[in-house]
Structures are given as structure tokens and as C-alpha cells.
Amino acid sequence: MARASRFSQCALLVLAYILLQVNHSEQLQSSQAQTLLRIQGLLNNPTVLSSWNITTEFCNTEPTSSLTVVCYEESITQLHIVGNKRAPTLPLSFSMDSFVTTLVKLPDLKVLRLVSLGLWGPLSGKISRLSSLEILNMSSNFLNGSVPQELSILTSLQTLILDENMLAGRVPDWLGSLPILAVLSLRNNMFNGTLPDSFSYLENLRVLALSNNHFYGEVPDFSGLTYLQVLDLENNALGPQFPKVGKKLVTMILSKNKFRSAIPAEVSSYYQLQRLDLSSNRFVGPFPQALLSLPSITYLNIADNKLTGKLFDDLSCNPELGFVDLSSNLLTGQLPDCLLAGSKNRVVLYARNCLAAGNENQHPLSFCQNEALAVGILPLQKKQKQVSKAVLALSIIGGIIGGISLFVIAFLLVRRTKSKQTMKKTPTRVIQENASTGYTSKFLSDARYISQTMKLGALGLPAYRTFSLEELEEATNNFDTSAFMGEGSKGQMYRGRLKNGTFIAIRCLKMKKSHSTRNFMHHIELISKLRHCHLVSALGHCFECYFDDSSVSRIFLIFEYVPNGTLRSWISEGHAWQSLTWTQRISAAIGVARGIQFLHTGIVPGVFSNNLKITDILLDQNLVAKISSYNLPLLAENAEKVGHVTPYSGSINPTNSARGKLEDKIDIYDFGLILLEIIVGRPLKSRKEVDLLKNQLQAVITADESARRSMVDPAVNKACLDESLKTMMEVCVRCLLKNPAERPSVEDVLWNLQFAAQVQDAWHSQSSEGSPISPPWPSHQHLSFH
Ligand SMILES: *[C@@H]1O[C@H](CO)[C@@H](O)[C@H](O)[C@H]1NC(C)=O
Ligand SMILES: *[C@@H]1O[C@H](CO)[C@@H](O)[C@H](O)[C@H]1NC(C)=O
Ligand SMILES: *[C@@H]1O[C@H](CO)[C@@H](O)[C@H](O)[C@H]1NC(C)=O
Ligand SMILES: *[C@@H]1O[C@H](CO)[C@@H](O)[C@H](O)[C@H]1NC(C)=O
């Protein structure tokens, strides 16, 4: 009974506290609320905004795919309004200039998405007053005129998307000087002129999409854009030379342009290439057959060109290849068996060549030979005799075509030996996957992902990104021993310092099995979401690949560096001056519980069975507790033994039938162990000792106050309120129960810890004890890992 009434009193207390917090964090300056209502009016009250009125609490509304307002410290940082597709133009009374003038009264906007709203007229240069702008997406409107010069001062701009408008004229040179531009998308407009050479300097560019405009002339040299993954130039008048691009390209679309060159040999070494569309140009020369077996390729379209060469039935193809269009070229020989076999869902088109394939309409061989001559391929004089197959082929067709296939074979041979040589020189590392492979193009253009990271910016962490190996080498002085922090079953840990001064912790995982980077995509996506103020959060990753098959040799995971040692070092290893006060211990416990709650419920799928240990809880400069070692599937898969059952962790065998429903309770047990050490103030050496202490705690909970105090760490036993202590002991005992089903949920744990904090706090402010002395920072730095 007493317990029940105490709980209801405290429930009120906690509720009031929570409400206060909520209200505090989500208030919006009233001037900004008025601005939003003005915007509603200027947009002619579109349906998507019909829920807005004078009473709306803008910062508290649930974000949807068409309407999102995000606030940070009473100011709007993100505004997404997406109207109906094919929205008509706004009435003649609309003025783009006054609309933008209103918009810039939201000065902290970082992300602005105004899609399909019928906006018309030239984009006003005043938009550059939004100096924090990082993402601007104004697709599917009726913007006309040119891109205003003033945008050039938006140096934080990472993403500029103006697809499906009526913008015209040349693309300005200064776009190439936006320092961190990563996505530039101007699809479906009426731009013309040549592409500015300054694009060669957009070194952070990942996506360049300019399809369906009227661009002409040569494509600038993009070979220095090491992060470029998506190049979409479809349906312009560009050419005639094949564009120079970096090797990290994932998607390359050149269809419907005026390219007339040969396809350069290095295209066959674009190991990340998934989608290649060269259709409807006039590419000439040999079709590089190695394209069919590129390790990542899934879509290959070379239709409607003048590509030559003899295909063999035993060519190899990437099994993932889902679409191949070879139609309307000058190919001879056999359609490769690997294209016919395999998946039923694969589409293979090859009409209008000179292939010896029965059913689809093919030209006679002479047609392709004559045409090939007509496009001016010089016949190679054949001297080689070493490849019997090639010789046979030569004697059959002779001349031109055979020469070409010999060329292809010779090229393959050269490539083989070349890669073998490099292999010998440096047995593991040749290509390093420095920047890009973590993201597919879909991943990049997924606005939700980007805005999610933006929100997390509030954590004070930089956005998740890929690191280059050079950067990590520089940060660790080439992985010098002085940067080495230790090694465990889940890889080696290094400490490093980035150019900008930030300290980082790097976990280096050597891959045991050979996988392509694509196999790691979902792991990387999960890791990139593991960001929370009570986790040692991931800042990014870096792949290192083998040259020969481009499988991943090592993965580096980069984490924030947490400088203040382990929770244990502040409790049971601490010198008296360094010991946490009771209040600080409770907040550390709350922090750990919040971290666990996030791991279980904050991401999908949840991360369970984290084998939490007090030595894996780190404290930052403000003594905020952060979990440093959690159960990343990537780590578990690669570790010697999967799963982890420590001598006294209470872990259930993962194959046990209790798995699933109760997997969250394993972490609760481990949390109980941490709580126990927090209370008694010394490390526990065995399962036996834990059980003994648990029983003692259980006994003293109902005994008198002095009995309880006798069990508490002497460093804090005078400063803790009995009520608070009793609550902590109760939670601890329940977390350590043998039967997982009887252990409390993480929410229950949190509720009780917060209660313990509340009563302790209330008592503190009454008593004259004053605030606890804040301890000096320890001089040693320590970071643990497992
Ligand atoms: C404002 O909108 C809400 C629903 O969105 C509605 O319940 C409320 O009556 C409206 N208030 C006014 C003053 O129009
Ligand atoms: C933009 O479109 C409007 C309305 O169609 C037209 O009056 C105006 O002249 C256009 N401006 C430019 C720069 O093309
Ligand atoms: C490019 O577009 C602008 C504006 O539409 C037009 O005035 C100009 O003539 C065009 N230039 C060329 C070469 O097509
Ligand atoms: C930009 O808006 C378009 C249209 O809604 C959408 O498809 C695209 O994903 C958006 N991109 C970003 C990065 O917000």
C-alpha cells in the first residue's frame, strides 16, 4: 500500500517534470509561427497545409512525407512542403519575390523542400539570405529564368535539386565553386550551352544529374571527382568523347546524346558500376565484353550504337545482371550462354545485330562487317598464335572482326598479368574504397535519410560520412603504434585526430570471408543510424578492397572519441577525488538505460544482447555516460566465435527457444550488474559473488536504513537519501533475477531510476549540503573496446 501511494505521488512529480521538459524544448518563436501562416496564404492555402491554423503547435506536429517542420531551440531548421503532383501554377497575383522575402524570415533553415506547389517566376536571389541552407529542393514547380548568382554565397549548400522546372540558359560557372556541394540535380529543365569546366573542381560531388536539358559539347574532366557515384546526362546533345570519370562510379547514364568515340578500356575496371546506359549514341569500336562480368553490374544497355566484336558462347557474366540490351549494334558470333541461362527474370535483348542466334531478327554477317568498315575501325594485323580459340575464330571470319576479338583477348590478358603483378607488390591493399561505396544512389537521394542525419546534427556530431583511407592514415600517423589502443575479438582500436582537430576512435576489422562492398550495405546503413547521446556514436566508415576481385579486405568504423575514461574508473578504481557522487551515479545509470532503450527500440531492427560491461561505459567531458560496445551484427559475423557468453552475464544461448521475446532481458541482466557495481563501489569477481550480493541487497531492502547504508560504497553512503538508495537497490535486484521474464522492462527501469533521481534532487535542494564538488579531470585517457 505504502508503495502504491508513493508511486502515484511520484508519478505526478515525474509527469510534471517531463511535461515541463517537452514544453520547453518545443516552443517556437511566435514570429516564426506567423511566418508559416503567411507562407500558407502565399501558397494559396494548398490542401497539404489545411491542418495549419493559429493554434497549431508547429514544432509538435508529426512529420509526414508531405509536410514536416523541424525545430531546434525555438527556431525552424527544416521545412518540407510537398504538394500534389501536377499542381497548377499559383495565380497571377503570386509573387516569387515576396514569397522568398517571407521565407527568409526563417533564418535558421537548413533544409528547405518546396515541391509541386505551383511556384512560378524566376527564383529570387534573396533566398541566399538563408545562409545556413544545406539542402534546397524545389522540384516540380514552374521556376523560369536562370539560376540566380546570389546562390553562390550559400557555402553550406550540400544538395541543390531543381528538377522539373523551366529554368533556362547556361549553367553558371560559379556552381563549381560551392565548396561542399554533393548533389546537383537539374533534370528536366531547358538549360543549354556547355557544361562549365569548373565542375571539375566539385570534389565532394556524389550525384550529378542533368538529364533532359539541351546541354551540348564535351563533358568536363571528372576524373578528379573521386566521390562521384551518379552521372546522369541522358537526353542532351553532349559528346563526342566518352566522359572521363573516377573509378567509383555506380551509375552512368549517357543515353540519347552525341557521343561518337570508342568506349575506353578503363570502363572495364569500374568495379562499383551497377548501371551503365550508353544507348542511342554513336559509340564505335569494340564492345568491351568484360562489362558483362563487372562485379557489381546489374543493368547494361548499349543498344543503338555501332559497337563491334565477336561474342563467344562461353563468356562469363555477373549472375546479378538483370537487364542487358545489345540491340542494334554490329556484334557477331554467339550470344553468350551465361546470358541465356540464369535467372528467369533477366531481360536480354539483342535484335538487329549479326549474331548467329536463331529467332530474333539478325542481319547477315556481311552487313556488320561492311558497317564496321564504314565506321572506320582499322583492322589489326594478327600475329599471335597462343590462344587457339582466337586463332580458330580468325580463320573463320578473318580480317577485321577477328582482329577486334584478338584485341579484346589481348587486353584481358594484359589486364590479368597487370593485376597479378600489383598483387605481388602489395599483397593486400591496392584499391581503397575511399569515399563512396557506403551509399547507393538510392541511399543518397533518399531525403528521409538526409533529414534524419540533419536532425541528429543537434547531437553535436557531424553528419555520418565515408572516410578515405588517406584521411585515416593521416589521423593515426599511418596507424602508428602510439595510436594503437588495443585489440579484441572485434578488431583493433586506434585513436586518431582529424585535420580539423577532432579526436576519433577507429575500429579496424579484417574481413575473414570475401564479400563485395555491396554485401555490407545494410550493415553500414544500420551503423549510420546508431547515433544517440548515450552511445559512442559512429561518425563514418571506410572500406579497403583487394585489387584482384575488389572484395573487401578491411572495414574501418570511425567513432567519436570519448575522453573521460570508463564508468568503472570513476567508481571502483577511482581515487577518492575522482569518485562520482550519488547523484552523478544515478544519472550515469539513467544514461546507460536510455542508451539500451535506443538500441532496443530506437532503430529497426533493434540491437540486442549487447554484452554490456561497466568497462564499456565511457564518460564524456560532461560525465555523460555512453555505451561504447554494442552488438553490431557486422562485428559478430566477423568475430571468431559468434555470440558471447561471459562467465556471469546471464546470457541466453541464442539458439534457445526463449530467444526473441526475451532477448531484451539479457541486456537488463547486464545492466543489473553495472548497477550493482555503482551501488557497492567495487568490481565483482564471480557469478557467486554477484548472487551473494544480490541476496544481501534483497534482504536489506526491507531491513532498516542503517543496514542498507552498510552495503553502499563508503564514498557516497553519507550523501544518498535512503528513499533513493532503496529504489536503486530494488531495481538492481529485479534486473538480476534468474528468470528473464521476471526482469523489468527498460522503461520500468528508467521510470524507477528517474524516481530515484527525483527524490535525491528534491532532498538536495532542501538540504544545505550544496552541490557536490565536481571532480577534476583525470590526466589519463582510456578507451575500452571489445
Ligand atoms: C485548428 O485546427 C484544428 C485541427 O487541425 C481544429 O481542431 C481547430 O478547431 C482549429 N482552430 C481554429 C481556431 O480554427
Ligand atoms: C517566367 O514566366 C512568366 C509567366 O509565364 C513570364 O511572364 C516571365 O516573362 C518569365 N520570365 C522569364 C525570365 O522567362
Ligand atoms: C540558350 O537558351 C537561352 C534562353 O532560353 C536562349 O536565349 C539562347 O538562344 C539559347 N542558346 C542556344 C545556343 O541555344
Ligand atoms: C527532392 O524532391 C523530389 C520530389 O519530391 C524527391 O523525389 C527527392 O527525393 C527530393 N530529394 C531530396 C534530397 O530531398
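Remember, predicted model here, so these are calculated numbers, not experimental data.

1. A closer look at the nonpolar core
Move 1: By size, the foremost hydrophobic cluster in this structure holds 100 residues, and its most contacted members are Leu79, Ile81, Leu112, Leu119, Met138, Phe287 and Leu326.
Move 2: Every element with two or more residues in this core is listed here: helix H2 (30-42), strand E1 (67-72), strand E2 (75-82), helix H3 (96-103), strand E3 (111-115) and strand E19 (306-311).
Move 3: Counting residues per element, this core draws most heavily on H3, which supplies 4 residues.
Move 4: Among the nonpolar cores identified, the runner-up in size contains 84 residues, and Leu567, Leu619, Ala625 and Ala707 belong to it.

2. Comments concerning the sheet that holds strand E4 (residues 120-122)
Move 1: Taking strand neighbours across the sheet as the criterion, the 6 strands line up as E4-E6-E8-E10-E12-E14 in an open arrangement whose pairing is parallel. The open sheet terminates on both sides in strands that have one partner only, identified here as E4 and strand E14 (237-238).
Move 2: Relative to E14, strand E12 (residues 214-217) runs parallel, the two sharing 2 bridges. Looking across to E14, one finds that tyrosine 216 is bridged to alanine 237.

3. Looking at the confidence of the model for the chain
Move 1: For the chain, the mean per-residue pLDDT works out to 79, and 77% of the residues sit at or above 70.
Move 2: pLDDT under 50 marks residues 1-8. Its contacts with residues more than four places away, or in other chains, come to 7 contacts.
Move 3: Every residue in residues 376-458 scores below 50 in pLDDT, and together they form 141 contacts with partners more than four places removed in sequence or on other chains.

4. Some points on the side chain of asparagine 257
Move 1: Note on placement: asparagine 257 falls in the loop between strand E15 (251-253) and strand E16 (275-277).
Move 2: Among the residues examined, asparagine 257 registers a relative accessible area of 8% and is labelled buried.
Move 3: Only 3.2 Å separates the side chain of asparagine 257 from the backbone nitrogen of asparagine 236, close enough to count as a polar contact.
Move 4: Among all residues touching asparagine 257, those that are not within four sequence positions of it are Leu233, Glu234, Asn235, Asn236, Ala237, Leu238, Ser280 and Asn281.

5. Remarks on the packing of H2 against H3
Move 1: Here H2 crosses H3 at 160°, and the two axes come no closer than 9 Å. Between H2 and H3, the interaxial angle falls into the category roughly antiparallel. Crossing geometry of H2 relative to H3 is assigned as left-handed. Together, Thr35, Arg38, Ile39 and Leu42 of H2 and Ser98, Phe99, Thr102 and Leu103 of H3 make up the contact between the two elements.
Move 2: In the contact of H2 with H3, the residues fall into 4 nonpolar, 3 polar and 1 charged.

6. Digging into the pattern of salt bridges
Move 1: Across all of its chains, the model carries 13 salt bridges by this definition.
Move 2: With a shortest N-O distance of 3.5 Å, lysine 256 and glutamate 234 are connected by a salt bridge. Here glutamate 234 lies in the loop between strand E13 (230-232) and E14 and lysine 256 lies in the loop between E15 and E16, a separation of 22 residues in the sequence.
Move 3: Owing to a relative accessible area of 43%, lysine 256 belongs among the partly exposed residues under this scheme.

7. Description of the packing of aromatic side chains
Move 1: Overall, the coordinates contain 13 aromatic pairs when judged by the stated rule.
Move 2: Measuring from ring centre to ring centre gives 5.8 Å for phenylalanine 94 and phenylalanine 99, while their planes differ by 50°; the resulting arrangement is tilted. No difference in accessibility class separates phenylalanine 94 from phenylalanine 99, as the two residues are buried.
Move 3: One aromatic cluster is present, formed by Phe479, Phe484, Tyr494 and Phe556 through successive ring pairs.
Move 4: Directly above the aromatic system of tyrosine 299 lies the positively charged group of arginine 275, at a separation of 3.9 Å from the ring centroid.
Move 5: The cationic tip of arginine 465 hangs over the ring face of phenylalanine 467; the distance from NZ or CZ to the ring centre is 3.9 Å.

8. Thoughts on the pairing of E19
In summary, the side chains of a regular strand alternate between the two faces of the sheet.
Move 1: A large share of E19 lies buried, amounting to 5 of its 6 residues.
Move 2: Pairing between strand E17 (residues 284-286) and E19: 3 bridges, direction parallel. Across the sheet, valine 284 pairs through a bridge with lysine 306, a residue of E19.
Move 3: Two elements, E19 and strand E21 (residues 330-333), share 4 bridges in a ladder whose sense is parallel. Bridging from a neighbouring strand, lysine 310 pairs with threonine 332 of E21.

9. Observations regarding the sheet that holds E17
Move 1: Here we have 4 strands laid out as an open sheet, ordered E17-E19-E21-E23, and parallel in their pairing. Unpaired on one side and paired on the other, E17 and strand E23 (354-355) mark the two borders of the sheet.

10. Thoughts on unusual backbone geometry
Move 1: Residue proline 240 is reached from glycine 239 by a cis peptide bond, and omega for that bond is 0°.
Move 2: The residue proline 240 is located in the loop between E14 and E15 in this model.
Move 3: Phi at asparagine 188 takes a positive value of approximately 50°, unusual for a residue other than glycine.
Move 4: Within the secondary structure layout, asparagine 188 lies in the loop between strand E9 (183-185) and strand E10 (190-193).
Move 5: On the accessibility criterion, asparagine 188 (33% relative accessible area) is partly exposed.

11. Observations concerning the environment of leucine 736
Move 1: Relative to the elements of secondary structure, leucine 736 occurs in the loop between helix H17 (722-735) and helix H18 (746-766).
Move 2: Separated by 70 residues in sequence, leucine 736 and isoleucine 666 have C-alpha atoms that sit 9.8 Å apart.
Move 3: Discounting residues that sit within four places of it in the chain, leucine 736 has contacts with Tyr669, Gly672, Leu673, Leu676, Val690 and Lys694.

Conventions adopted
Residues numbered from 1 in each chain as written. Chains lettered and ligands numbered in written order. Predicted model: local features only at pLDDT ≥ 70, side-chain atom pairs only at ≥ 80, totals over all residues. Heavy atoms only, no water. Core = buried A, V, L, I, M, F, W, Y, C linked by side-chain atoms within 4.5 Å. Buried < 20%, exposed > 50% of the residue type's maximum accessible area, 1.4 Å probe, protein only. Helix = DSSP H or I, 4+ residues; strand = E, 2+ residues; numbered from the N terminus. Pairing = 2+ DSSP bridges. pLDDT = per-residue confidence, 0-100. Contact = heavy atoms within 4.5 Å. Polar contact = N/O pair within 3.5 Å; in protein donor to acceptor, adjacent residues only side chain to side chain. Axes fitted to C-alpha atoms, helices over the stretch in contact; angles between N-to-C directions. Parallel < 35°, antiparallel > 145°, perpendicular 65-115°, else oblique. Left-handed = near helix turned anticlockwise from the far one by under 90°. Nonpolar A, V, L, I, M, F, W, Y, C, P; charged D, E, K, R; others polar. Salt bridge = Lys/Arg side-chain N within 4 Å of Asp/Glu carboxyl O. Phe/Tyr/Trp six-rings, centres within 6.5 Å; stacked < 30°, edge-to-face > 60°. Lys NZ or Arg CZ within 6 Å of the ring centre and 35° of its normal.

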